[in-house]
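Structural overview for review
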Amino acid sequence: DEADRIGALIEILRQSGFEEVIISDGVSDDRTREIARAAGGIVVEGPRGRGSQLQRGANAATGDILFFLHADSTPPAGARALIEQALALPGASAGCFRLVFDSLHPLLSWYGAMSRINHDLFTYGDQGFFIRRPLFDRIGGYTNAPLFEDVDIVRRARRAGQFIKLGEPMTTSARRFLRSGVVRRQLANAGLVALYRLGVAPQRLARWYRPEATTVRR
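Values in this document were obtained by computation on a predicted structure and should not be read as measured data.

**Remarks on the pattern of salt bridges**
Where side chains of opposite charge bring their charged atoms close, a pairing between them can arise. With the rule as written, the count across this model stands at 18 salt bridges. A cluster of three or more residues bridged by salt bridges with shared partners is formed by Glu2, Asp4, Arg5, Asp72 and Arg175.

Below, the structure written as structure tokens:
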């Protein structure tokens, strides 16, 4: 359901040198697929679910380097070159960018500043995730988890070599924070992370993170 931004995002990626842009759609109710195809994107479709959608996109990709991007996030200028340079470093396995929000809210600015720390606690999918295809396949790709699929794959990538966190910013939408309340959303996120690390199943946590996702769709 990203019809209002998917076309512009594809154009930004084209300008940054990405030749193959794949949109993994999870049963959108708006014109996301139509607009994406018109903008030159390759659309793959299937049931909604973060891990499964990301894996479907990877299955459709032909490149040697995979870059996973949320539709409400925008990479920095020259992102392709930055990714290639990072993965050319000796021992590099995978990486991501640091994060900034499209809002000047002070707490979100602080949260973005913390994303510079190269640790699992400060590394999530909205920062973009890049990895060479052979390694992605070797570590098993994404699981079908509806939440924290990003934490899971980053952990496995770190075990395979050096994880690079780039200083250039990935800009992501603050809409969910602003809609729920910044403090309330951040406390909820922190609680979910804690429960995940204690072993609570991602399927159960996803219902708390995004309750509307459990609604029956026509």
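Next comes the rest of the write-up.
**Observations regarding a nonpolar patch on the surface**
A contiguous nonpolar surface patch, about 280 Å² in accessible area, is contributed by Leu107, Val183 and Leu187. Judged by relative accessible area, leucine 107 falls into the partly exposed class, the value being 39%.

**Some details on the nonpolar core**
Phe18, Ile23, Phe67, Ile83, Phe97, Phe130 and Leu166 are the most contacted members of the largest nonpolar core, which has 21 residues in total. Mapped by element, the contributors of at least two residues to this core are α1 (6–15), α2 (32–38), α4 (79–87) and β7 (162–172). The element that contributes the greatest number of residues to this core is α4, accounting for five residues. If we skip the residues at most four places from it in the chain, phenylalanine 130 touches Leu66, Phe67, Ile83, Ala86, Leu87, Ala94, Gly95, Cys96, Phe97, Ile164 and Leu166.

**Here's the deal with the confidence of the model for the protein chain**
Summing up the model confidence of the protein chain, the mean pLDDT is 92 and the portion of residues at 70 or higher is 96%. Segment residues 211–218: pLDDT under 50, and seven contacts once partners within four positions in sequence are set aside and those in other chains are kept.

**What to know about the packing of aromatic side chains**
As enumerated under the stated definition, the model contains 13 aromatic pairs in all. Seen from their ring centres, phenylalanine 18 and phenylalanine 67 are 5.5 Å apart, and the 20° between their planes marks the pair as stacked. A residue pair is termed long-range when its members are at least 10 positions apart, and phenylalanine 18 in the loop between α1 and β1 (22–25) and phenylalanine 67 in strand β3 (residues 65–68) qualify at 49 residues. Taken as a pair, phenylalanine 18 and phenylalanine 67 share a single burial class, namely buried. Taken together, a centroid distance of 6.2 Å and an interplanar angle of 25° make the contact between phenylalanine 68 and phenylalanine 129 stacked. Remark: phenylalanine 129 occurs in strand β6 (residues 129–132) and phenylalanine 68 occurs in strand β3; sequence separation between them is 61 residues. Pairwise contacts between aromatic rings join Phe68, Phe129, Phe136, Tyr142 and Phe163 into one cluster.

Thresholds, definitions, all that
- Residues numbered from 1 in each chain as written.
- Predicted model: local features only at pLDDT ≥ 70, side-chain atom pairs only at ≥ 80, totals over all residues.
- Heavy atoms only, no water.
- Salt bridge = Lys/Arg side-chain N within 4 Å of Asp/Glu carboxyl O.
- Patch = residues over 30% accessible without salt bridge, like charges linked within 9 Å, V, L, I, M, F, W, Y side chains within 5 Å.
- Areas by Shrake-Rupley, 256 points an atom, 1.4 Å probe, with all protein chains shown as cover.
- Buried < 20%, exposed > 50% of the residue type's maximum accessible area, 1.4 Å probe, protein only.
- Core = buried A, V, L, I, M, F, W, Y, C linked by side-chain atoms within 4.5 Å.
- Helix = DSSP H or I, 4+ residues; strand = E, 2+ residues; numbered from the N terminus.
- Contact = heavy atoms within 4.5 Å.
- pLDDT = per-residue confidence, 0-100.
- Phe/Tyr/Trp six-rings, centres within 6.5 Å; stacked < 30°, edge-to-face > 60°.

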